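# Examination of the molecular architecture
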Amino acid sequence: MAAVPLAICFFGCKKMLDRRPLTATLEDLNQGKIEAQSLGLYSALRNNAGFSLLPWIDFHSIRDDDAEKGSSATDGNEVTAEFETFNYSKDDWAPNTYWNDHYAMINLANNELYLADSLKVTDAASLRNIGEARFFRAYSYFNLVRTYGDVPLLTQKIVNPADGIKAKSPAADIYAQIDADLTIASQNLPLDASSYGKGYTGRVTQGAANALWAQTYLFRQNWAKVIGLCNAVVASGKYSLSPKFVDIWKDGLSGAGKNGPESIFEMQAYDGASAATNSAVEYGSDFGTSQQVRQGGASVNWNLGWGWNTPTQNLVDAWDNSDPRKAATILYSGQDDGGAATGGYGAVLPAFGTLDRKYWNKKLYIGNDPAMRAFTGYINSSGAARWINHRIIRYADIILMLAEAYNETGDGANAAKNLELIRNRASGGLGATRTILPVIPYTTQAAMRTAIKNERRWEFAMEGVRFFDLVRWGDAVATLGGLGYTNRCRFYPIPQKAIDLSGGVLKQNPEWP
Amino acid sequence: MKLTTALLLFTCFQVSAKVFSQTRITLKLQATELKKVLSLIERKSSYRFLYNDETVKAGTRVDVDASNEPVTDVLDKLFVGRSLSYKILENDLVVITGKDIEVQETRVTGKIVSSLGEVLQGVSVKVKGSTLGTQTDAGGNFALTVPDNAVLVISYIGYTTQEIAVSGRTSINVSLVASTQKMDEVVVIGYGTANKRDLTGSIVKISGKEVADKPNTNPVASLQAKVAGLSVVNNGTPGAAPDIRIRGTVSIGNVHPLYVVDGIFNDNIDYINPNDIESIEVLKDPSSLAIFGVKGATGVIAITTKKARVGQTIINFSTTYGIKKLVDKIKLASGEDFKTLFAEERANNGITTPYDYTGLTANTNWIDAVTRTGHFSNNTLSISGSTDKNRFNLGVGYIMDQGIIRHEEQGKLLISFSDEFRVSKAIRLGVNLNASRTKAPYDATGVLDQARKVVPLVSAGTQRFKVRNPYGSDTIDANIYSGLNVDLQNSGVVNPLVQLENEYNKVKNFENRSVGSVFAEINFLKNFSFKATWYADMSTVNKRQYTPLYYAYNPVNNTPYLQSQSTKVSENDDSYKKFQQDYILNWKKSFGDHNLTATAGFTTYYFGYFGRSGSSRPNATGQPIPDDQRFWYINNYFSDLSSATGSSNQNEYFTVSELARVLYNYKNKYYLNGSFRDDASSRLPIHNQHQQFWAVGAAWDITRENFMNNQHIFDFLKLKGSIGVLGNQTASQLDGTPINYPAYPLLATGNAATVPFGTDLHTAASQIYIENPDLKWETVSAKEVGVELSAFNNRLHFEANYFNKTTNNLLTYVSRAAIGLKDELINGGSIRNWGEEFSATWSQNLSKDLSLNLGGNITFLNNKVLSLSKDLPTGVLSRNFQNNGAAESRTQPGMPIGYFYGFVEQGIFQSYADILKSPVQSSLGAYQPGDIKYKDVNGDGKITSDDRTMIGNPTPKFMYGGSVSATFKGLTLGIDIGGVYGNQIFRNWGALESPFQRTNYAADKINRWHGPGTSNWVPILNQADRINFLGSTYSIEDGSYVRIRNVQLSYNFGQRLISGAKIKNLRVFINVQNLKTWKHNSGYTPEFGGDATAFGYDNAGGAIPMISTAGLNVTF
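In this report, the structure presented in the accompanying data block is examined. (Residues numbered from 1 in each chain as written. Chains lettered and ligands numbered in written order. Predicted model: local features only at pLDDT ≥ 70, side-chain atom pairs only at ≥ 80, totals over all residues. Heavy atoms only, no water.)

### Describing the overall build of chain A
Rules: Helix and strand definitions here come from DSSP, where helices need a minimum of 4 consecutive H or I residues and strands a minimum of 2 consecutive E residues; each element is numbered from the N-terminal end. C-alpha atoms define the radius of gyration, and 2.2 Å times the number of residues to the power 0.38 defines the globule rule. Residue burial is assigned from relative accessible area. The probe radius is 1.4 Å, only protein chains are included, and a residue is buried under 20% of its type maximum, exposed over 50%, and partly exposed in between. Note on definitions: a residue-residue contact is assigned when non-hydrogen atoms from the two residues lie within 4.5 Å. Accessible areas in this description were obtained via Shrake-Rupley with a 1.4 Å probe; residue shielding takes into account the shown protein chains only.
When you go through chain A residue by residue, the secondary structure sums to 21 helices and ten strands. The globule rule puts the C-alpha radius of gyration for 513 residues at 24 Å, and the 25 Å found for chain A is close to it. Once the C-alpha set of chain A is aligned to its principal axes, its extents read approximately 100 × 55 × 50 Å. The proportion of buried residues among the 513 residues of chain A is 61%. Across chain A, every contact between residues at least 6 apart in sequence was considered, and the portion connecting residues at least 24 apart equals 68%. Carbon and sulfur atoms form 56% of the exposed surface of chain A, whose accessible area is close to 18,000 Å².

### Brief notes about the sheet that holds strand β27 (residues 462–468) of chain B
The strands making up a sheet associate through hydrogen bonds between their backbones, and the pairing can be parallel or antiparallel. Residue and element names in this part refer to chain B. Definition in use: Strands are labelled as partners when DSSP assigns at least two bridges between them. For helices, the fitted axis covers only the stretch in contact; all axes are lines through C-alpha atoms, and the angles between them, taken along N-to-C directions, range from 0 to 180 degrees.
Taken together, four strands build an open sheet; the order of strands is β27-β28-β31-β32 and the sheet is mixed. Only two strands of the sheet have a single neighbouring strand rather than two, namely β27 and β32 (559–564). Averaged over all neighbouring strand pairs, the angle between strand axes comes to 50 degrees, with direction disregarded. Relative to β32, strand β31 (residues 550–554) runs antiparallel, the two being bridged by five bridges. From the neighbouring strand, A552 faces β32, where its bridge partner is Y561. Lying on the sheet, helix α8 (residues 496–503) is in contact with β28 (475–482), β31 and β32; it crosses β31 at an angle near 160 degrees.

### Focus: the packing of aromatic side chains
Aromatic ring pairs: the centre-centre distance and the angle between the two ring planes describe each pair. Residue and element names in this part refer to chain A. Applied cut-off: Between the rings of Phe, Tyr and Trp (Trp by its six-membered ring), a pair exists once the centres lie within 6.5 Å; its type follows the angle of the planes, with under 30 degrees stacked, over 60 edge-to-face, and the other angles tilted.
Taken as a whole, this structure holds 72 aromatic pairs over all chains when the rule is applied. Consider the rings of F59 and F83, whose centres lie 4.9 Å apart with planes at 70 degrees: the pair is edge-to-face. Taken together, the residues span a long stretch of sequence, with F59 in helix α4 (residues 54–60) and F83 in helix α5 (residues 77–84) at a distance of 24 residues. Residue classification places F83 among the buried positions, given a relative accessible area of 0%.

### Looking at the packing of helix α18 (residues 445–459) of chain A against helix α19 (residues 466–473) of chain A
Residue and element names in this part refer to chain A. Operational definition: Angular relationships are summarised with four words: roughly parallel below 35 degrees, roughly antiparallel beyond 145, roughly perpendicular across 65 to 115, and oblique for the angles in between. Left-handed is the label given to a crossing in which the near helix is rotated counterclockwise from the far helix by less than a right angle, and right-handed is the label when the rotation is clockwise. Each residue is assigned to one class: nonpolar for Ala, Val, Leu, Ile, Met, Phe, Trp, Tyr, Cys and Pro, charged for Asp, Glu, Lys and Arg, and polar for all the others, Gly among them.
Two elements in contact, α18 and α19, have axes separated by 10 Å at closest approach and are oriented at 165 degrees. Considered as vectors, α18 and α19 are oriented roughly antiparallel to each other. Of the two elements, α18 crosses α19, and the hand of that crossing is left-handed. Between α18 and α19, the residues in contact are K453, R456 and R457 and R466, D469, R472 and W473, respectively. The residue makeup of the contact of α18 with α19, split by class, is one nonpolar, no polar and six charged.

### Some details on the packing of helix α7 (residues 124–148) of chain A against helix α9 (residues 206–220) of chain A
Residues and elements named next belong to chain A. Where α7 contacts α9, the axes come no closer than 11 Å and their chain directions differ by 20 degrees. In this view, α7 runs roughly parallel relative to α9, as classed from their interaxial angle. By crossing handedness, the relation of α7 to α9 is classed as left-handed. Facing α7, whose interface residues are F135, A138, Y139, F142 and R146, α9 presents A208, A209, L212, Q215, T216 and F219.

### A word on the nonpolar core
What counts, and what does not: Only buried residues count toward a nonpolar core. Its members are Ala, Val, Leu, Ile, Met, Phe, Trp, Tyr and Cys residues joined through side-chain atoms within 4.5 Å.
If you look at the biggest cluster of nonpolar residues, it comprises 127 residues, and the most contacted ones within it are F135(A) and F265(A). Aside from chain neighbours lying at most four places away, what touches F135(A) is L182(A), A185(A), L189(A), V204(A), A208(A), A209(A), L212(A) and F265(A). The next biggest cluster of nonpolar side chains, apart from the first, holds 41 residues, and it includes V370(B), Y442(B), W989(B) and A1100(B).

### Topic: the pairing of β27(B)
Sheet faces and side chains relate simply in a regular strand, where the side chains alternate between the two faces. Residue and element names in this part refer to chain B. Alignment of β27 against β28, held across seven bridges, turns out to be antiparallel. Bridging from a neighbouring strand, T462 pairs with Y481 of β28. Counted between consecutive antiparallel strands, the loop separating β27 from β28 contains six residues.

What is shown is where atoms sit, not what they do.
Right, dumping it as structure tokens:
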């Protein structure tokens, strides 16, 4: 009698025990799995806080003299110490996240490249995917090498976790890897996102690879390479300066304002109808939310976001009011938002005191279109602006990199010409006879250098460019010294957790014992 | 005349045909003691002798020379010339008396009840030293013809055996005293039952009565402090499962025991009515647990539900009603205190202008505002009956259980049915069904924490406003709750009443569950039996929730605003399917002195979960969904279905197992138990699916040895020991989130997998974790040695055990984020749990009417992490809570599991001079006088993160329980106490709040530092001084406590009073649970559970009420 169940098992148990998950695993995806993993890179770009949220803002923006943490005094108080007064922390959420998320992106890229390699793919689509993985890996390493200097170099899929524990590689080796990656990326990526098929606006292109590559050479002061790559981007004919400066920041219904003519690389966010209460159409990011006016003591319809990354008094004082970009960059408590001409919507902000800050980052406010708020349901107490794309590289940077590189190589004429492109656009296209933002002719290399530095400051204010600019220009101590910056602050200490995890293989940045 | 007899424990294989059967014996002895001769005759014949030691004096030596002679002749010869005579009664019982004493046969009748006055059916009544006996009927009555000088031995499972001399009486009524430790009781073991005497392990049996009349929806909650080695950490939410661990924390994953209800494996017993429980067995040692394979390592709680007994039809009704009160509240600042403290905090930040409290004029005790007196009731009716062929038991009950938070209420309808049919002498069939329908309480778990955060100046009442009808365009009068002053409090602080009062009745959440089994059992070839059982456990949880529109008002300008601005309905359907089949073959045989029971079996288990959820809402311009239950469905006409959402989640697994067990003893003196199980699991990688578990145990009943014959202290003394390897099937992330397919990394779905480009959406693939092809379940190498004894005429029962368990191959979900890797589930590391358990009971009848029961148990626990996976090079598994992870539990080699890690507070910096002469702690942040001075633990002259150390251990050093019960006639008073000693609690509130969260001050802030010498423990009020918000001993509190767990007074009405009303038994009782707790911490309670690696956190919730109930139990 006992034989009955045993017989059942003999024939049936293998089937009982061989149970695959009731949902897909990677093995269930067909040839598209390289593609699906490639898309995972974009998902990480949007979802990993180290690329698009507070940690990114902390490292890239508020460390400079023109942006500060913002919000209420007590909110994220530790960040003030860590990033504004340069008491860098070895173990805190923001710095740990920044590090971890960049390596997470690198491993995603490594895994995808390993897969592509093992399948020996040669089809055009897969080659584009390889280009994307190379691009994101280079982008991550560029952030890491600027932020930490020497860092561990991981380029292989990690099968045994111990293989992921590595000592630091010199910055030069990191840059060499970046060059190798961007060489391939530049070759493999399409000129235009439409090559990916329909519905891929904003997916990375050869232009993005070349622009990023140019930025990396800018940091290495390899002016010839900067000029070559920037000119390649210009020559591609795919990009142009947006005629109106404020249009760059618009982000409205049906995607209006996203991926504009000036967009080279953007973190893509999406919110559908009633996204505030419907997670099924909510694929946004708090990059936009985090930089909106914070409610403070105001009424709930000013509960737009978290109020981080706000302009400093220093920026307001230093910036000539005649520059129209100032009114498009700084939003003033207690004042009219400036109306459509400066990217506003006709609202009047509550006074400082009721609001926690005098000034707010208007570039993100411009993207917070009230029509989009109504559409998504992010109104009153559920205030947020999660649909806003993060403009990471825009064409204006290509032009100003060209200006800077030409100037450094002694080509004053081309430097002035490119500078003028930006100033003229900033004026609203008033032409050579304008009185505001007048044309700056080339006189000396030093004067032109100063003009370009200023132009970068105004053009990219609040966009997270200036801190690294100050460092590479050697101006950081002079400009930020009053805030507590010393030379060692150009590099952040490596997170203690990473050092602990390595069991001593990874050594702390010696300037931060 | 008092009779004592020799121990007559020899087994007789002869069956006497009839009285005066001329059994013949051959016996040749010289100068042998008469007693010895009698005993040899007993061994060789069916006769049993009953005599008085005075009659048959020691030292009387006789010669015997009989060759195939009738026993009566032998006796006649023996007694020649001695003043002895004998009389042979029924059943070959021979009474030996003096020559001149006449033995009379007497018809004795009587009634047997428990010390609580309950009628006891099936009690064994035997004449001591004979096989003569009977059982009580359903009315507790017996009748038996015995010699008038006989001694009756009255025994019943779960009660202390009593011996009563008949002394010529014809009516004997007995009250039996309950015993929790009895050596001869039958206990549930895996896949069967066994006499406890035959086992080598530690199984504690608790009578269902212990849980039946306690006001806990979950029966396991009633076991707190009752069983050595069993830790029960309760919480106050109706129906919520307690945190239960048996003999320590054996894993960093699953630590909760396996429940086995009438044979079916389960992870909870929510569907069982406490009144339907016959008994609960707690299985703790390797010898008992190996048979459960991969589910055995965390211990087993086996529940047996009530079945009908032989006898007539019985109807039982019981009812309990009670109230719950919150007794230990946390202490917070009052409105005036808040103003004083807040003004001081502002001044500390350089703001001297007075705060504008416009609109904030109340002085609300927010804890009182959200709590209430809750009610509890349990009404159960059961009917059982039996015939020769069929027995059935039927029960129906309803439990209503309110929490102490407003509107928290659980309702539970439970039915049970069992039937057993005897087809023939050899074949039995049976069916068993438990079904329940549970209305889940509104989820108010966060309310207490929300309440303590609100400043008392906010009103808890409503104000009447004229507002636009949010569902229309007319104007209505509405009673509206206050919002908060958003300038003072916004981030993460809300008036909990706004949502609670507006939404508590907008959810319908029901679980329907049926657990059933059928079995067929056949006995064959004399010694074999085979039983096949098929089980199914099916449940569905349906939850429908509606979000209404409602207002709150702004207290500053006294204007209402629409707090909830859009309607929404959501529906969840979760179904669980569990199937089990057991095929068990038993073989029982004795070979001379060798007794053997062997079991072999095959069993499979299937678990499947299938969940679907969806929601819908009207479009932005559409009419809101009306506030009517008719529309609480996704498709309700008002919803915009184009934006409706739907998703599903499902997983399943299968295990296939073979098992074997042998219970062996030699002369009932030396015992050996062995068990083995092979488990194959579909959740493990294909080539790795089988794992084996085993145990062997041995025991020695010393009282059976001859050298123990002359002692009168021990009635029973057993030494035992067992060793084995048990399994723990666990796979979870470090925070306890289960990983359903550890062998197959799943892909991220939803938001994380969706990639927009412009307004187009695409799906990305990224694995959530890394696959580990070598994965296997955790194993626990367990050992136990112990002693069990009964002494002083079974008044004392005592058990002591030492256990030592080492868990190996801990399933660790390692994070490698710092090298950018996904997490991975790996095997590595081990934990040891060891300790001692002692339990004792003393039962005594002080007089005819007064009996006393005392009991106590104590368990000493030790836990040490021996190693962790080498893939965690830091050697630390860290769990972090509160802002920036300041509250930290660490699991680390050499340390107890989940110990609290942080700084040691040495006091408060009183002045700048104090700062200057102390070690520098600036690496932790800026600091000033009034801030916490941390201890330089490593003595390097500066305070850094390296000065963190162990600041607490959430595992008690020991836990204990005790009980006293006294019965006088029908009245019984019982008191249970329980407690733990030597653990710490991590208080998360009033210390580690987020820097941007303004909460009401905990009362200890009234004694804060506000100038030199004002405090050396509570720091300055200043949210900006983040240095005071690091995890430190400032947040650690003593977790030791003693609690009066239950006080119960009950009365059983005597037969004279109730028999006229055709009532067989009537009992009334009052009970108070958690009457008083002596504790040292500032939370609502000292009990805080958690998961394996993070427990003992006080998050300003978990209040455990005092529950006073009264009840009645009547049997017809």
